[in-house]
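Summary of the model geometry
Each chain is listed here by its residues.
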Amino acid sequence: MVTPTPLDQQDDEEMLVPHSDVVEGPQPMEGKCSRVDDDVSLFARDFVNSSLDAFVVAQPEAAAATAVENPPVEEPPTMKYTWTIPGFTRLNNRKHYSDVFVVGGYKWRVLIFPKGNNVDNLSMYLDVADAANLPYGWSRFSQFGLAIVNQINSSYSIRKESQHQFNSRESDWGFTSFMPLSELYDPTRGYLVNDTVVIEAEVAVRKVLDYWSYDSKKETGFVGLKNQGATCYMNSLLQTLYHIPYFRKAVYHMPTTENDAPTASIPLALQSLFYKLQYNDTSVATKELTKSFGWDTYDSFMQHDVQELNRVLCEKLEDKMKGTVVEGTIQKLFEGHHMNYIECINVDYKSTRKESFYDLQLDVKGCKDVYESFDKYVEVERLEGDNKYHAEGHDLQDLYASACYQANYDAKKGVLFIEFPPVLQLQLKRFEYDFMRDTMVKINDRYEFPLELDLDRDNRKYLSPDADKSVRNLYTLHSVLVHSGGVHGGHYYAFIRPTLSDQWYKFDDERVTKEDVKRALEEQYGGEEELPQNNPGFNNPPFKFTKYSNAYMLVYIRESEKDKIICNVDEKDIAEHLRVRLKKEKEEKEEKRKYKAQAHLFTTIKVARDEDITEQIGKNKYFDLVDHEKVKSFRIQKQTPFQLFKEEVAKEFGVPVELQRFWIWAKRQNYTYRPNRPLLPHEELQTVELLREACNKTNNAELKLFLEIERGPEERPIPPPDKSSADILLFFKLYDPENAILRYVGRLMVKNSSKPMDIVGQLNQMAGFAPDEEIELFEEIKFEPCVMCEHLDKKTSFRLSQIEDGDIICFQKPLSIQENECPYPDVPSFLAYVQNREVVRFRSLEKPKEDEFTMELSKLHTYDDVVQRLAEKLGLDDPSKIRLTSHNCYSQQPKPQPIKYRGVDHLSDMLAHYNQVLVTSDILYYEVLDIPLPELQGLKTLKVAFHHATKDEVVIHNIRLPKQSTVGDVINELKTKVVELSHPDAELRLLEVFFHKIYKIFSSTERIENINDQYWTLRAEEIPEEEKNIGPSDRLVHVYHFTKEAGQNQAQVQNFGEPFFLVIHEGETLEEIKSRIQKKLHVPDEDFAKWKFASFSMGRPDYLQDTEVVYDRFQRKDVYGAWEQYLGLEHVDNAPKRAYAANQNRHAYEKPVRIYN
């Protein structure tokens, strides 16, 4: 199966594709080349035997081998290559190659598309440099990582990983959507510094790939799950749940019937999947299950979060189990309870609330191991000062009525566990929101977890005094789910102990391998690792690298209940109808396998008849004669004599062998497919294989024939008429212009010397017309790339009109004047309409998932035709106020850029996917503008936030001006919109603010055409009087708010709030400046007393004392660079956090997991 290469995958679904220049070639999804799935993790696959996290080395020599799998193999040659690209923004070529570097004796290079490979993202691939000169059949396997280095902070570098079997057909492989161009070209992000980009490639090479010959069942006794495209996260979770036998037994006991369809029943689909995992010898497909979820193909290519899927799936199963014998199983296995409490310190009052949980989210950042995470989970928080005030935003039930709240008393708040579940699921918070970058980042810090987890430790400090003391909360580790990769993409797999013995197994999609405890535990802790010294005699510092593969979810089973949970599950637990169904499926699969295995012994013969043509023409087919996929097919052994095949045909159709005449189909140069000539007597004496080879120049495995049957009285078959070289077989279609209906009416054998007028009577009879009815004739010549159907002169012989065997003639009654109002008055106009008609689904751009209405249009309609008809549908007087946006076939979203006014010629251009003729959509998005689109395109719209000078108020204004306007024009326009200024003559300025820092003050003469408000905030404000009157020795400095977050190694500065400028006078102390700042910001004395002040240089704070002269810290008079010095105000950020910060463990690129059925 192949599918067109996705051109603009978003971060929510990173795809690996061969670049194929314009990216229109096939993308392997199954089979020998590669599954193009979510395996963007280089270190996800264990074809090598060392920890794949230890992949990067500084030298091309092979690293030390460490055998971890059966059987051991040599570790591949590896190398790290750095490519520095100066003058990046001046690169004019569409493609740009690095220098050649050698790994494993092979030549490689990196290929980039600086402006994107037909997408708004940087495209980057690993390329075989000498592919054109390699011998026929060459192949090599490589695991590789590509990275864009952040030159300001290397921890923000973007890295993606993959693996591929390179060959002559796919000599490059990588990422079409590596990173958004908007981020790459933004100089403040750190990827483009001094117009230079740095790229790193890490490559490991193996000459032979033995992955596909591995037999998981034979080696381990278990089988894997097939990856549909991006479903490894689901596969790892399903394997974990399957290997909890109590859960599997409960699934088997969910009521299902033989009438249920697995694709429509989640219980049946899950039963079927578990049965196959238990009894199959090969890997199991998950398509039935995902279809039962209500997912389409696109959902299978959208990577989600395994933790979220776990919750959604368990909630769905819990609902499906209600009212059955297994009701409550999910709760029995996974549900625990904890108690939230708030206790007043100085008043005898305590508020508690009991809550249930199915899994626990544990912090990784700042914690050494699981126990430290639990310590942090139950840590007591004192509600006092700012925190006491901050508690107002929480729903703490009766706390608000409590004495400590009403009396404003200090309190302490915390969580204690009432009971832990038998199966404890720990979700590790490996992903967090980075406020500095406004994006999600992965936490790869080292984080340890024990084989045995004792939650009764330290005198049961995690448990409430009310917890059941008879329950021993000692747990043993059952499974470790691993995420390998980064925030933009990765791969999931699982290490599981199915029986809790010492033997671990790794479940990596289709592949299952035996592993030891070190591999399952220690190597999944994450953190950093040192590479061994290649030259121990030299005193070189050790090379450390981050391990991108680490544990993401842990499953523990309570020791006292493991015998109950790890129970025996056999066939008696499986419903009879399910066993019968799956046994039948297995037999059918075996039959298909045999069918395929014996395919080389058989020939398929497809036989079309008049009945097929009559059935198809005018319904789903209008051109040519028949769709051969819908005719009778015969599977005949190749050595069968054709005469014996004719006997099969006689049995099937009831036509004696002697009354059958077969015609060979031929593909003409104009791409039509017609009966060409009858089989000759000597050809019918051959075997079907020899006949196929003689008749089929394209070496197709099929033989296509037309069976000519003549019918006599009572429709009985009669001998076909003799045919000489002067006879031609013609096929006829009748067109009814009044009802726009085309149908097949039959065929005739005519002399090529005769004329169409000679057969008019026969045609009228075939059509049911009067014998003397006047008719018009047209020859259907071709339909690709455009329709050609020409008038046929009735007085010219067929020979002179170049009519031959297999030609099609369409005829109709001539139209009267009254009938001439038909939209398609003749055959050519009707066929042109059929060829180009398109039913378009229109969606409002505001509701891009919902079809609003459909309209039948023509692909030949111009831009004006489309918007005119759409305006009529919407009841608009002015079509120019409609703006259209095309559909992205892969992301299933509107394309980023709308269609410009008359920017395309025809509807076909609007529906094409990035100029790919074979990939089209039937969806268009529309929006109704307040002004005509041509006028809007000449305007620039800026979103400006106006900050009031005397009130704590910000108002957003949309300023729309001609593109050639200046910032001064923006300010003048803004003055007309701002109702209240501090005084009528107040001067305004426009600032560029990014991540709570001021980056630029715009000149009033700067043109607005190049101003980008998509990533930066445009802020307008009054110029303070103190800045207007700044003295020659005064300093104008940036002032930013900040707070410090505790990190694992050091505190991280986080800016927040609104930055501003401040004039500092020579000799002025911090104490004097503080009083001016307090007055400017209107901060109460009690809160302001807690503020700290620091001067910053290159991001490092230096705290100031009240008596210190601040002027000396700022040596430059005009400071407008965000990376320069600034005065920092450290205090608590009381502003409400952004909504998505609350769920910091979610990937930034995902849409929510949904199970629809």
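Analysis parameters
Residues numbered from 1 in each chain as written. Predicted model: local features only at pLDDT ≥ 70, side-chain atom pairs only at ≥ 80, totals over all residues. Heavy atoms only, no water. Helix = DSSP H or I, 4+ residues; strand = E, 2+ residues; numbered from the N terminus. Buried < 20%, exposed > 50% of the residue type's maximum accessible area, 1.4 Å probe, protein only. Contact = heavy atoms within 4.5 Å. Areas by Shrake-Rupley, 256 points an atom, 1.4 Å probe, with all protein chains shown as cover. pLDDT = per-residue confidence, 0-100. Pairing = 2+ DSSP bridges. Axes fitted to C-alpha atoms, helices over the stretch in contact; angles between N-to-C directions. Arc of directions from axis to C-beta. Salt bridge = Lys/Arg side-chain N within 4 Å of Asp/Glu carboxyl O. Polar contact = N/O pair within 3.5 Å; in protein donor to acceptor, adjacent residues only side chain to side chain. Phe/Tyr/Trp six-rings, centres within 6.5 Å; stacked < 30°, edge-to-face > 60°. Core = buried A, V, L, I, M, F, W, Y, C linked by side-chain atoms within 4.5 Å. Parallel < 35°, antiparallel > 145°, perpendicular 65-115°, else oblique. Nonpolar A, V, L, I, M, F, W, Y, C, P; charged D, E, K, R; others polar. Left-handed = near helix turned anticlockwise from the far one by under 90°. Patch = residues over 30% accessible without salt bridge, like charges linked within 9 Å, V, L, I, M, F, W, Y side chains within 5 Å. Lys, Arg positive; Asp, Glu negative; His and termini not counted. Charge placed at Lys NZ, Arg CZ, Asp CG, Glu CD.

1. Brief notes about the overall build of the protein
Helices and strands together make up the secondary structure of the protein, namely 29 helices and 57 strands. Across the 1157 residues that make up the protein, the buried fraction comes to 53%. Taking as baseline every contact in the protein between residues at least 6 positions apart, the subset at least 24 positions apart corresponds to 67%. In the structure as shown, the protein presents an accessible area of about 53,900 Å², 48% of it carried by carbon and sulfur atoms.

2. Quick look at the environment of Gln1078
Looking at the element boundaries, Gln1078 is found in helix H28 (residues 1070–1081). Look at Gln1078 and you get buried, because its relative accessible area is 17%. When near neighbours in sequence (up to four residues on either side) are disregarded, Gln1078 contacts Val1083, Pro1084, Asp1085 and Phe1088.

3. With respect to the side chain of His628
Relative to the helices and strands, His628 resides in the loop between helix H18 (610–616) and strand E30 (632–637). Residue His628 is classed as buried on the basis of its relative accessible area of 6%.

4. Description of the confidence of the model for the protein
Predicted confidence across the protein gives a mean pLDDT of 80, with 82% of residues reaching 70 or more. The low-confidence segment residues 389–403 (pLDDT under 50) makes 27 contacts with residues lying over four places distant or belonging to another chain. Between residues 1117–1123, whose pLDDT stays under 50, and residues either more than four places distant or in other chains, the model counts 26 contacts.

5. Some words on the sheet that holds strand E32 (residues 673–678)
The 5 strands lie next to each other as E30-E29-E33-E31-E32, forming an open sheet whose pairing is mixed. Edge positions in the sheet fall to E30 and E32, since each has one partner strand and no second. This sheet shows a mean twist of 40 degrees between the axes of neighbouring strands, independent of strand direction.

6. A few points about the sheet that holds strand E16 (residues 381–383)
If you trace the 4 strands from one edge of the open sheet to the other, you get E14-E13-E17-E16, paired in antiparallel fashion. Among the strands making up the open sheet, the edge pair consists of strand E14 (350–357) and E16. Shown here is a sheet whose adjacent strand axes are inclined to one another by a mean of 25 degrees, direction ignored. Two elements, E16 and strand E17 (residues 411–419), share 3 bridges in a ladder whose sense is antiparallel. Looking at the pairing, Glu381 lines up with Lys413 of E17.

7. Notes on helix H21 (residues 760–767)
The complete set of buried residues in H21 reads Val760, Leu763, Asn764 and Ala767. Relative to the axis of H21, the buried residues are bounded by an arc of 100 degrees and lie together on one face. The inward-facing, buried residues of H21 abut strand E36 (727–736), strand E37 (741–751), strand E38 (776–782) and strand E40 (808–812). With its phi angle positive at about 80 degrees, Gly768 sits one or two positions after the end of H21.

8. Considering the pattern of salt bridges
Should their charged atoms come close, side chains of opposite charge can pair. Counted by the stated rule, this structure contains 64 salt bridges. Its salt-bridge partner being Asp805, residue Lys723 comes within 3.2 Å of it at the nearest N-O pair. On the criterion of sequence distance, the pair formed by Lys723 in the loop between strand E35 (717–718) and E36 and Asp805 in the loop between strand E39 (788–791) and E40 is long-range, its members being 82 residues apart.

9. Regarding helix H4 (residues 232–242)
The element H4 is extensively covered by neighbouring structure, given that 11 of its 11 residues are classed as buried. Residues of H4 that are buried include every one of Cys232, Tyr233, Met234, Asn235, Ser236, Leu237, Leu238, Gln239, Thr240, Leu241 and Tyr242, and no others.

10. A few points about the side chain of Lys442
Mapped onto the elements of the fold, Lys442 is located in strand E20 (residues 439–442). Taking relative accessible area as the criterion, Lys442 reaches 12% and is therefore assigned buried. A distance of 3.2 Å separates the side chain of Lys442 from the backbone oxygen of Gly485, its partner in a polar contact. At 3.1 Å, the side chain of Lys442 forms a polar contact with the side chain of Asn550. In contact with Lys442, other than residues within four places in its own chain, are Arg430, Phe431, His483, Ser484, Gly485, Gly486, Val487, Tyr548 and Asn550.

11. Some points on the packing of aromatic side chains
Applying the stated criterion across every chain yields a total of 45 aromatic pairs. Centre to centre, the rings of Tyr622 and Phe830 are 5.9 Å apart; their planes meet at 70 degrees, and the pair counts as edge-to-face. One end of the pair, Tyr622, is in the loop between H18 and E30; the other, Phe830, is in helix H22 (residues 827–836), and 208 residues separate them in sequence. Both residues of the pair, Tyr622 and Phe830, count as buried. Geometrically, the ring pair formed by Phe642 and Phe662 is edge-to-face, given 5.6 Å between the ring centres and 80 degrees between the ring planes. Here the residue Phe642 occupies a position in helix H19 (residues 642–653), and Phe662 occupies one in strand E31 (residues 661–667), the gap between them amounting to 20 residues. A single burial state applies to Phe642 and to Phe662, both of which are buried.

12. Concerning the nonpolar core
Ranked by size, the top nonpolar core spans 61 residues in total, and within it Phe247, Phe274 and Phe334 carry the most contacts. With 8 residues, the top contributor of residues to this core is helix H6 (residues 266–279). With residues up to four places along the chain from it excluded, the contact list for Phe274 reads Leu238, Leu241, Tyr242, Phe247, Arg248, Val251 and Tyr252. One finds Phe420, Leu455, Leu521 and Tyr556 within the second-largest nonpolar core, a separate group that totals 39 residues.

13. Some words on unusual backbone geometry
A cis geometry characterises the amide bond from Glu784 onward to Pro785, with omega recorded as 0 degrees. Of note in this structure, Asp458 is not a glycine but carries a positive phi near 50 degrees. Locating Asp458 in the fold gives a position in helix H14 (residues 457–460).

14. As for the packing of H4 against H6
The interhelical angle for the contact between H4 and H6, taken along N-to-C directions, is 75 degrees, at an axis separation of 11 Å. Judged by the inter-axis angle, H4 sits roughly perpendicular to H6. In contact with Leu238, Gln239, Leu241 and Tyr242 of H4, H6 contributes Leu270, Leu273, Phe274, Leu277 and Gln278. Residues that form the contact of H4 with H6 fall into these classes: 7 nonpolar, 2 polar and no charged.

15. Re the packing of H6 against helix H17 (residues 576–597)
At a minimum axis distance of 11 Å, the contact between H6 and H17 shows a crossing angle of 65 degrees. Note on packing geometry: the crossing formed by H6 with H17 is right-handed. Residues Leu268, Gln271, Ser272, Tyr275, Lys276 and Tyr279 of H6 lie in contact with H17, whose contacting residues are His577, Leu578, Arg579, Arg581, Leu582, Glu585 and Lys586. Considered class by class, the residues forming the contact of H6 with H17 number 5 nonpolar, 3 polar and 5 charged.

16. Observations regarding a positive patch on the surface
Judged by side-chain charge, Lys226, Lys287, Lys291 and Lys589 come together as a positively charged surface patch. Mapped onto the elements of the fold, Lys226 is located in the loop between helix H3 (216–220) and H4. Classification of Lys226 by relative accessible area gives partly exposed; the value is 35%.

17. Things to note about the environment of Lys562
Tracing the backbone shows Lys562 in helix H16 (residues 562–565). Between the C-alpha atoms of Lys562 and Leu500, which are 62 residues apart in sequence, the distance is 8.5 Å. Excluding its chain neighbours within four sequence positions, the residues that come into contact with Lys562 are Leu500 and Ile557.

18. Overview of the environment of Trp138
Within the secondary structure, Trp138 sits in the loop between strand E8 (121–128) and strand E9 (139–148). Separated by 29 residues in sequence, Trp138 and Asn167 have C-alpha atoms that sit 5.9 Å apart. Once residues within four sequence positions are removed from consideration, Trp138 is found in contact with Val128, Ala131, Phe166, Asn167, Ser168 and Ser171.

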